[in-house]
Amino acid sequence: MELCPCGSSLPYSECCEPLIKNERPAETAEALMRSRYAAYAKTEVEYIIRTTHPVQRKQDSEQNIRNWSQNSVWHDLQILRTEDGAANDQTGIVEFIASYTENGDEVEHHELAQFKKEHGTWFFWDGTAPRPKQYIRETPKTGRNDPCPCGSGKKFKKCCG
């Protein structure tokens, strides 16, 4: 029994494969997101194209999708959060991190994926990078000419800085 690449811990045959084989539709935006990740891992390019909204299909070529899918080793999908995207919704957002290796480099693709539902079918609409979170320092910053916090009595710039 092969586990589904989407990370659900379910067998592939019960999780994403029926969606990819067009045996049943994705009920939620998250289900579509998971099945699209599984499709990349399995190089099911036709599914990736079919589940992209028709207006957006010109954004990437079939060959580019196939190359990325085939030339990457897919490791993990983490769903960080969802906003709307339930069975009764018409739009949804899924924030995720897809981990893979491409050309020997480990990559974490972090995205806010937008989904639209039309005539009862979920489609991937677009993806954007999330805004970086501002770093907030918990302690005051040590200036170059301040005494070193290690207690040496030297200026920070001449000691630990």
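Further up the page is the structure itself.
Residues numbered from 1 in each chain as written. Predicted model: local features only at pLDDT ≥ 70, side-chain atom pairs only at ≥ 80, totals over all residues. Heavy atoms only, no water.

Novice: Quick rundown of the pattern of salt bridges? Include the residues and the values.
Specialist: This model, assessed by the stated rule, comprises seven salt bridges. Between Glu-2 and Lys-42 there is a salt bridge, and its shortest N-O distance comes to 2.2 Å. Here Glu-2, found in the segment before helix H1 (17–20), pairs with Lys-42, found in helix H2 (residues 29–42); they are 40 residues apart in sequence, far enough to count as distant. Owing to a relative accessible area of 44%, Glu-2 belongs among the partly exposed residues under this scheme. Using a relative accessible area of 28% as the deciding quantity, one classes Lys-42 as partly exposed. Glu-95 is the partner of Arg-81 in a salt bridge, and the nearest nitrogen-oxygen pair spans 2.8 Å. (Salt bridge = Lys/Arg side-chain N within 4 Å of Asp/Glu carboxyl O. Helix = DSSP H or I, 4+ residues; strand = E, 2+ residues; numbered from the N terminus. Buried < 20%, exposed > 50% of the residue type's maximum accessible area, 1.4 Å probe, protein only.)

Novice: Break down the layout of surface pockets for me, with residues and values.
Specialist: The space that makes up the largest pocket amounts to roughly 550 Å³. Taken together, 26 residues form the lining of the largest pocket, with Arg-36, Tyr-40, Ile-48, Trp-68 and Phe-124 sitting closest to its centre. Contributions of two or more residues to the lining of the largest pocket are made by H2, helix H3 (45–50), helix H4 (62–70), strand E2 (91–102), strand E3 (105–118) and strand E4 (121–128). A per-class count over the lining of the largest pocket returns 14 nonpolar, six polar and six charged. (1 Å grid on protein atoms, 1.4 Å probe; cavity = no way out; pocket = protein on both sides within 12 Å on 5 of 7 lines; lining within 4 Å. Points joined across faces, edges and corners; volume = space filled by probe spheres on them. Nonpolar A, V, L, I, M, F, W, Y, C, P; charged D, E, K, R; others polar.)

Novice: Quick one: what's the story with the packing of aromatic side chains, residue by residue and with numbers?
Specialist: All told, the structure shown has seven aromatic pairs when counted by the stated rule. For the ring pair Trp-68 and Tyr-100, a centre distance of 5.6 Å and an interplane angle of 80 degrees mean the geometry is edge-to-face. With Trp-68 in helix H4 and Tyr-100 in strand E2, this residue pair connects regions lying 32 residues apart in the sequence. The exposure class assigned to Trp-68 is partly exposed, which follows from its relative accessible area of 24%. In this structure, Lys-42 is placed above the aromatic ring of Tyr-12, and the distance from its NZ or CZ to the ring centre is 4.6 Å. Just above the ring of Trp-125 sits the side chain of Lys-116; from NZ or CZ to the centre is 3.7 Å. (Phe/Tyr/Trp six-rings, centres within 6.5 Å; stacked < 30°, edge-to-face > 60°. Lys NZ or Arg CZ within 6 Å of the ring centre and 35° of its normal.)

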